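Inside the fold
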Amino acid sequence: MDGIKLTSSEWNVLNCLWEHSPCPLIQLVGELEKDVGWARSTTITILGRMEAKGLVQCQQTGRSKAYIPLVEREGAALAETHSFLNRVYRGSVGMMMSAMVKQEGLTPEQIAQLRAILDEAEQEAKG
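The shown structure was predicted, so the numbers you read here are calculated from the model rather than taken from an experiment.

With that settled, the discussion passes to the side chain of Glu31. Along the chain, Glu31 turns up in helix H2 (residues 25-36). Every residue in contact with Glu31, bar those within four places of it in the chain, is listed here: Cys16 and His20.

In structure tokens, the structure reads:
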């Protein structure tokens, strides 16, 4: 996933494929039409571009096609997070978290979850 930046259209396709894989073309067209309003031709065009980039693979079975993702959700999300962090907050996790906390107003459960994540990171940093 290093160096690959996903467009919002690619995210739409991959999110669908991560939920339904392998996904027959007809189902993918229907899902994306319902979710984002794409025509069949739009979906096919984007799938072709994604296949050329190595993001998805088409599996031909007789006359029908099905698609599978070639990137994992976790890897894509991590790459996107790093890109966002560097672009928007110049790599400062503290600035990003401060902005998110101030904007969102965290629940006690979310605070406990963040605290547990930080405690685990602290333990790993200590070795």
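So, about the sheet that holds strand E3 (residues 64-69). Spatially, the three strands line up as an open sheet ordered E1-E3-E2, and their pairing is antiparallel. Since the sheet does not close on itself, it has two edges, and those belong to strand E1 (23-24) and strand E2 (56-61), each with one partner. Relative to E3, E2 runs antiparallel, the two sharing six bridges. Each residue of the ladder has a partner; that of Val56, found in E3, is Pro69. Contacts from helix H1 (residues 8-19) reach E1, E2 and E3, with the element oriented near 100 degrees to E3.

Parameters and conventions
Every residue gets a number counted from 1 within its own chain, in the order that chain's sequence is written. Local features are withheld for residues below a pLDDT of 70 in this predicted model, meaning they are given only at 70 or higher, and side-chain atom pairs are given and counted only at 80 or more; totals for whole chains, interfaces and linings count all residues. To get the side-chain values, all heavy atoms of the structure are used, and hydrogens and water are removed first. Secondary structure elements follow DSSP: runs of H or I no shorter than four residues count as helices, runs of E no shorter than two count as strands, and numbering proceeds from the N terminus. The contact criterion used throughout is that any non-hydrogen atoms of two residues lie within 4.5 Å. By this definition, two strands are paired if DSSP reports at least two bridges between them. Only the stretch in contact is used when a helix axis is fitted, and all axes are lines through C-alpha atoms; the angle between N-to-C directions ranges over 0 to 180 degrees.

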